[in-house]
Amino acid sequence: MKRLLAPLTSLKLTVTLLALGIAVVFFGTLAQTEDGLYVAQARYFRSWFSTWSPHAEGWKWIIVPLPGGYLLGTALLVNLLAAHAVRFKFGWKKSGILLTHIGVILLLVGQLATDMFARESRMSFAEGEWRNFTEDFHKTELAILSDAADPSMDDVVAIPESVLAAGGEIRDGKLPFTIRIKSYAENSRIRARGPMVDTNTPPASTAGVGARAVMEPAAPTRAMDSRNLPAVVAEVLDPAGTSLGTWLFGFVLNPQTVTVGGKEFRFTLRSTRYYEHFSVKLIKTTHEVYRGTDTPKNFQSRVQIENPGSGEKREVDIYMNNPLRYGGLTFFQHQMGRDDIDANRGTSVLQVVQNPSWLAPYLGTIVVGLGLLVQFLIHLVGFLRKPRA
Amino acid sequence: MKRLAVLLLALFALGTAAGAADGPNANFHLEEFARLPVVFNGRHQPIDSLAANALVQIRERRRANLEPWKSWWEKPRMASATEWFATLTMRPEEADTWPTFRINHPDLISLLKLPQKDEEHGQDGKHYSWNQIEPGFKEVEDQARRVLEKKPDAAQRDSFDQSVLKLRNALTLYLRLKNTVIPTNTTNLLADVEKFRAVAASFATNRNDQGQRQAIVGQIFNWDMLESFDTPLIIPPAEANLTREGWTRVAASVVALSLGDNATALFRTLGDIRKFQGQPGAEGAPLMSSLRQRFNELLDTAMPPKPVPASLQAYVTMAEAFRRGDSVTFNSTLAGYRQQLASNPAVAGDLTKTAREVFFNHLVPFYNTMPIYVTAFLLGCFYWFNFNQTARKLSFWLIAAGFVLHTVGLIFRMWLEGRPPVTNLYSSAIFIGWGSVGLGLLLEKFWRNAIGLVVGSSLGFVTLVIAHNLALDGDTLVMLQAVLDTNIWLATHVVIVTLGYASTYVAGFLAMLYVVRGVFTRGLDEATGRSLARMTYGIVCFATLFSFIGTVLGGIWADQSWGRFWGWDPKENGALIIVLWNALILHARWGGMVRERGLMNLTIAGNIVTSWSWFGTNMLGIGLHSYGFMSGAFLWLGGFILSQLVLIALGSLPPRYWRSLRDRPSAPAKPADPKPKGGGKPRPAVA
């Protein structure tokens, strides 16, 4: 058994993995200049394997194969655990190393958990508005709304983007119709169909806005703070299988109504929404700059939380470096602006993070810090006692 | 020994002592004027700092040389930054003839048809006056617009593009400052103010008269024009209930005294209207009409005129006196104004702060430390040739004195800013130098072989040179934007990560020393080699501790600020690479994969890794930490990395090519620091 595990426990493996880790981090950083943070992150760090090539013309034949972040993290974890299981002998003189390694394990596992379970979304509103949902900046859904029994509520069926991208036919028990995906674009431009220009281009769909528009697929965006504007062309079939026409649903378009069997359904392609069991109201925004400049000095949102479940109702300030933790979510001040219509009305965007493992890095840091400190103190004392060469 | 060190220091002090002010403006109390508080780029500062930082951006020096074609022994006329600023704001037509703009690119000089070097006719081929450049303003503007449009990414710009943008920025800054006191479009400021007040007074009595309304709007537009120059804020808050946030520009203060306190809001609304006016579809948009409505509301609630504030009166009197060459009136008005400020509770704090800052500006602690470190470095090297203890001790005391001056400067800066030591790229260079010198002194205390001295002084000098060059971007005490405005994280994460940089560099320089001495000299005997290896190993341990803790603390800050412990931002990644690299060195050493020379080569590579993290990641121009983008440093970074690669190649040569090793019988067979029985780690030198 020990012999089998030996290669897994070796320090040579550790050094190799560290060297590969450096390479991955380095190329993953370089790639951000061209691919943007989001794409590069998925490609190099949240993956098992990847390759890197320069973007400059004439150099693209260079291909650097790299392990992905998941592979390296797992391998380091195995190496560390195996070494402690087989080779490592405990002694007080090594207690620091043991602590350090436990902390490193916590950090690695915590990062993996964050990667798997954390969810980032945004809550954007103008002063005076209520929100009981947050929006995903990167994910899109096709929402189909219809009037519910309660007149103040809507019934919602949300179809995630991945299902739209897969194509084919979509059925849902709550919907009296079938949706057949005709085409889907991850990023798109939608424009009005020009009478002279587009004589040869057919309209995007037979019904709705699309009948007067053209949809052109576009390359996915790479910039960190911009998002894709997806579009989908779908055919709606009634229960008998008869086509009611095709519609163009685009991220930039307003909701469109489709009537099936006398009931109205509003279709809209929008940022994926996560509904919460409480509501937040933006009361006041404060946007201060340094005197005579545009340099931001303070961004602050005063909000009110109302939770009908617990009967809670309170006001709180959210500002830079001072987030609000509530209901398993953390709200951070992200952006600030002014309403398009009323210049005196402030708007605010909060970054909302749900991360059940957020404490792991804090614990990991403390444990590693202690471990390193203990180890260095042990050596320092030894060094100071010994006469120097 | 100490006496000798003191003597040397006195010599340095003599060398840096500035000559007394002379020239035609010697009778004006400009050193008093320099201490007046103003607000520029959001920072409350003395005129001295404003002027010197502006001059640095315009001509790369903190003083103006009015006869740059003369050599120093010909005694060219020099003007202090404050003298230049006073001339620019109060005798602009004279300042316009001073050759204060430095243009480095020959193509730009010929494009603007500027005269070449011609010492006979007072032309050095590098420095030009506003008047000389003026015919080319349109050309500069067109070229700058082309660069900004076609090459939005700074990395695409070549040296010509950069010098065009630099000149454009210099011209803009010059214009901003020129309008500080007396706007260039007025000949008699106080008369114009009276005119405005008369219009405002008659408007206050009859707000519904359309003619009156148009007259007042026309006046506001005129003054808003001046306000949009972004001149420094020189008018202090006048009423007792105002806080230190109440500083205004001359224009806003004129509007305020004519229309009451709505002036700031009026200007802001007007600015918004201007911003939207150019956009298609802005006319008739709801936003536009709401802005217009707000403007009119503000106008309707405007107050009747107030008397001209004493501060504006004082500045105008000073300007007129300076113009006439009347130093008596200038000095007495200045003294009166300073007294008036001292009795104003809203600015009393600014007054003491600016006095401190002027003292600091004249101390130039970091600049003055440089020659001390260089001398100490040379003495340390000298010691290795003849083991002259006097040289080593002298070097030690010099570095200790330099370190004291360095520390004083650092603490003074912290006191001025009310911040931890590292707030921007400039101060990180200062702090890395400080940490390295401190570590070097510590090493020397234990080993007494001048190695710590040479490494500490060379790193101290190099980082101070880097800081000196970073300071050419302007003010080094700029205000921090909201996300950085937290002393706790600046004091922990930033300080610790920067100490991590410093210690990685110290280890890297120790290793460089090992390779250079080993390959090129016979001076690396076995004992020296072993002690160098122990030092290097110990410092690498130290570096691991600091870079790890610093990096994860950064993660915790990020988690507190935007909910992401780790966001793969370039600067974060750079710090992570340092941690991984140091961990790699340690594990390679423990696993016996490297010995003395291998350890040294890996540690030299640590220099590359650290430089990448410190500067390289900023050059990518992306991410949340790209606060310190600079392209000029790219070549230097490339050169440094190349030099390190050459050293690694030298370090990888077989022992027979090493002058110190080839005669040693069993030289490289021995590990750097024999492991004690039982497989424990080798002892670190210092933790």
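One numbering rule holds for all chains: residues counted from 1, following each sequence as written. Whichever chain is written first becomes A and whichever ligand is written first becomes 1, with later ones labelled in order. It should be noted that, the model being predicted, local features are given only for residues of pLDDT at least 70 and side-chain atom pairs only at 80 or more, the latter also being counted only at that level, while totals for whole chains, interfaces and linings use all residues.

Asks: Residue-level account of the overall build of chain A, with values.
Replies: Only DSSP runs of H or I covering at least 4 residues are called helices, and only runs of E covering at least 2 are called strands; the numbering of each starts at the N terminus. Of regular secondary structure, chain A possesses six helices and 18 strands. Only C-alpha atoms enter the radius of gyration; for comparison, a globular chain is expected to reach 2.2 Å times N to the power 0.38, where N is the number of residues. Since a compact globule built from 389 residues should have a radius of gyration of about 21 Å, the 27 Å found for chain A marks it as more spread out than a globular shape. Dimensions of chain A along its principal axes, counting C-alpha atoms only, are 90 × 55 × 50 Å. Across the 389 residues of chain A, 28% fall into the buried class. Taking the contacts inside chain A whose residues are at least 6 apart along the sequence as the reference set, 55% of them involve residues at least 24 apart. We call a residue exposed when 12 or fewer other C-beta atoms sit within 10 Å of its C-beta, buried when the count reaches 20 or more, and partly exposed for counts in between; the C-beta positions come from the backbone. What counts as a contact here is a pair of residues whose C-beta atoms, placed from the backbone, lie within 7 Å.

Asks: Tell me what's going on with the overall build of chain B, and back it up with residues and numbers.
Replies: The secondary structure content of chain B amounts to 26 helices and six strands. Projecting the C-alpha coordinates of chain B onto the three principal axes gives extents of approximately 105 × 60 × 50 Å. For chain B, buried positions account for 46% of its 687 residues. The contacts in chain B between residues at least 6 apart in sequence include a share of 73% that link residues at least 24 apart.

Asks: Please give an account of the confidence of the model for chain A that cites residues and values.
Replies: Here chain A shows a mean pLDDT of 87. Residues at 70 or above account for 97%. Every residue carries a pLDDT, the predictor's confidence in it, which falls somewhere between 0 and 100. Taken element by element, chain A is modelled with least confidence in helix α1 (residues 2-9) of chain A, mean pLDDT 78, and with most confidence in strand β2 (residues 64-67) of chain A, mean pLDDT 93.

Asks: Mind laying out helix α3 (residues 47-59) of chain B, listing which residues take part and the relevant values?
Replies: Residues and elements named next belong to chain B. Expected span of a helix: the number of residues minus one, times 1.5 Å. Taking 1.5 Å as the rise per residue, α3 with 13 residues should run 18 Å; its terminal C-alpha atoms sit 18 Å apart, in good agreement. Among the 13 residues of α3, 11 are classified as buried, and the element is accordingly described as predominantly covered. Residues of α3 that are buried: I47, D48, S49, L50, A51, A52, N53, A54, L55, I58 and R59. Just beyond α3, the residue with positive phi is E60, at close to 65°.

Asks: So what's going on with the interface of chain A and chain B? Residues and values would help.
Replies: With 56 residues of chain A in contact, the opposing surface of chain B contributes 59 residues. For the side of chain A that touches chain B, the secondary-structure elements that each account for two or more residues are α2 (11-45), α4 (95-117), β14 (296-307), β17 (329-338), β18 (346-354) and α6 (359-385) of chain A.

Asks: A description of the nonpolar core should follow, citing residues and the corresponding values.
Replies: All names here are of chain B. Counting 138 residues, the largest nonpolar core has I451, V506, L510, L513, I539, I577 and L580 as its most contacted members. With 18 residues, helix α22 (residues 487-520) is the single largest residue contributor to this core. Setting aside its immediate chain neighbours within four residues, I539 contacts L439, S503, V506, A507 and L510. Counting residues in each nonpolar core, the second largest holds 81 residues, with A54, I103, V164 and V250 among its members. The nonpolar core criterion groups buried Ala, Val, Leu, Ile, Met, Phe, Trp, Tyr and Cys residues into a set whenever they are joined through C-beta atoms within 7 Å.

Asks: Requested: an account of the sheet that holds strand β11 (residues 243-250) of chain A, with residues and values cited.
Replies: Residue and element names in this part refer to chain A. The rule for pairing is simple: two strands pair if DSSP sees at least two bridges between them. Spatially, four strands are ordered β6-β7-β10-β11 in an open sheet, and the strand pairing comes out antiparallel. The sheet is open, and its two borders are formed by β6 (168-171) and β11, each paired with just one other strand. Recorded for the sheet is a direction-independent mean angle of 30° between the axes of neighbouring strands. In terms of strand pairing, strand β7 (residues 178-185) meets strand β10 (residues 231-237) through seven bridges, oriented antiparallel. Residue pairing for β10: A185 is matched across the bridge by A231. Simply put, an axis is a line fit to the C-alpha atoms, just over the touching stretch for a helix, and the angle between two N-to-C directions goes from 0 to 180 degrees.

Asks: Residues and numbers for helix α25 (residues 596-619) of chain B, please.
Replies: Think of an α-helix as 3.6 residues a turn; residues three or four steps apart then line up on the same face. Residue and element names in this part refer to chain B. End to end, α25 covers 34 Å across 24 residues, agreeing with the expected 34 Å (1.5 Å per residue, within 8%). Bend is computed residue by residue as the angle between axes fitted to the seven residues ending at the residue and the seven residues starting at it. Maximal helix bending in α25 amounts to about 45°, located at S613. The buried count for α25 comes to 22 of 24 residues, which makes it a mostly enclosed element.

Asks: Tell me about unusual backbone geometry, residues and numbers included.
Replies: Residue and element names in this part refer to chain B. Of note in this structure, F387 is not a glycine but carries a positive phi near 50°. C-beta crowding within 10 Å serves as the criterion here: with 11 such atoms nearby, F387 is assigned to the exposed category. Positioned with a positive phi, W568 is a non-glycine residue whose angle comes to about 60°. Residue position: W568 is located in the loop between α23 (526-562) and α24 (570-590).

Asks: Just give me the short version of the environment of B:N25, but keep the residues and values in it.
Replies: Relative to the helices and strands, B:N25 resides in the loop between α1 (2-16) and α2 (30-33). Distance in space between the C-alpha atoms of B:N25 and B:A471 is 28 Å, their sequence separation being 446 residues.

Asks: Would you mind going over the environment of B:W72 in detail, with residue names and values included?
Replies: Position of B:W72 among the secondary structure elements: in the loop between β3 (63-65) and β4 (78-80). Along the chain, B:W72 and B:F33 lie 39 residues apart, while their C-alpha atoms are 28 Å from each other.

Asks: How would you explain the domain arrangement of chain A if you had to name every residue and give the values?
Replies: Domain boundaries assigned for chain A yield domain 1 (2-117 + 359-385), domain 2 (121-131 + 275-354) and domain 3 (135-274). Where each domain begins and ends is defined by an automated method or by a domain database. Distance between the C-alpha centres of domain 1 of chain A and domain 2 of chain A: 37 Å.

Asks: Before we move on, can you summarise the environment of B:D107 with the specific residues and values?
Replies: Mapped onto the fold, B:D107 is located in helix α6 (residues 106-111). B:D107 sits 53 residues away from B:F160 along the chain, and the two C-alpha atoms are 7.3 Å apart.

Asks: Pulling in residues and values, what's your account of the packing of α22(B) against α23(B)?
Replies: Residue and element names in this part refer to chain B. Between α22 and α23, the shortest axis-to-axis distance is 7 Å and the interhelical angle comes to 155°. Classified by the angle between their axes, α22 and α23 sit roughly antiparallel to one another. Both α22 and α23 take part in a crossing whose hand is left-handed. Of the residues assigned to the contact of α22 with α23, the class counts are 20 nonpolar, 11 polar and no charged. By the definition adopted for this analysis, an angle is roughly parallel if under 35 degrees, roughly antiparallel if over 145, roughly perpendicular if from 65 to 115, and oblique otherwise. Note on convention: near helix rotated counterclockwise from far helix by under a right angle means a left-handed crossing. Clockwise means right-handed. In this classification, the charged set is Asp, Glu, Lys and Arg, the nonpolar set is Ala, Val, Leu, Ile, Met, Phe, Trp, Tyr, Cys and Pro, and all remaining amino acids, among them Gly, are polar.

Asks: Describe the packing of α2(A) against α24(B), and please don't skip the residues or the numbers.
Replies: When two helices pack together, their arrangement is given by the angle between their axes and by how far apart the axes lie. Packing of α2(A) against α24(B) leaves a shortest axis separation of 9 Å and a crossing angle of 165°. The angle between α2(A) and α24(B) falls in the class roughly antiparallel. Helix-helix and strand crossings are classified by hand; for α2(A) and α24(B) the assignment is left-handed. In this structure, α2(A) uses A:L11, A:T14, A:V15, A:L18, A:A19, A:G21, A:I22, A:V25, A:F26, A:G28, A:T29 and A:Q32 to contact α24(B), whose residues at the interface are B:P570, B:N573, B:L576, B:I577, B:L580, B:W581, B:A583, B:L584, B:H587, B:A588 and B:W590. Along the lines of polarity and charge, the residues of the contact of α2(A) with α24(B) split into 16 nonpolar, seven polar and no charged.

Asks: Account for the pairing of strand β4 (residues 130-147) of chain A, naming residues and giving values.
Replies: All names here are of chain A. Of the strand pairs in this sheet, β4 and strand β13 (residues 263-289) are connected by 11 bridges, and their pairing is antiparallel. Paired with W130 across the bridge in β13 is K281. With seven bridges joining them, β4 and strand β5 (residues 154-160) adopt antiparallel strand pairing. Each bridged residue has a counterpart across the sheet, and for A143 the counterpart in β5 is A158. Hairpin connection of β4 to β5: six residues between the antiparallel strands.

Asks: Lay out the confidence of the model for chain B in plain terms, naming residues and giving numbers.
Replies: Residues and elements named next belong to chain B. Confidence in the prediction for chain B averages 85 pLDDT; 91% of positions are at 70 or higher. Low confidence marks residues 667-687, where pLDDT is under 50. Its contacts with residues over four positions away, or in another chain, come to 49 contacts. Among the scores for the predicted complex, ipTM is 0.84 and pTM is 0.85.

Asks: Tell me about the domain arrangement of chain B, and please be specific about residues and values.
Replies: Residue and element names in this part refer to chain B. As far as domains go, chain B holds domain 1 (1-21 + 364-479), domain 2 (34-178), domain 3 (189-308) and domain 4 (489-687). Taking the mean C-alpha position of each, domain 1 and domain 2 sit 31 Å from one another. Across the boundary between the two partners, domain 1 contributes eight residues, which contact eight residues of domain 2. Along the lines of polarity and charge, the residues of the side of domain 1 that touches domain 2 split into six nonpolar, one polar and one charged.

Asks: Explain the pairing of strand β2 (residues 43-46) of chain B residue by residue, including any values.
Replies: All names here are of chain B. Neither face of β2 is exposed, since R43 and Q45 on one face and H44 and P46 on the opposite face are all buried. Taken together, the four bridges between strand β1 (residues 37-40) and β2 define a ladder with antiparallel strand orientation. Counted as the bridge partner of F40 is R43 from β2. If you look at the hairpin formed by β1 and β2, you'll find two residues sitting between the two strands, and N41 has a positive phi there, around 50°.

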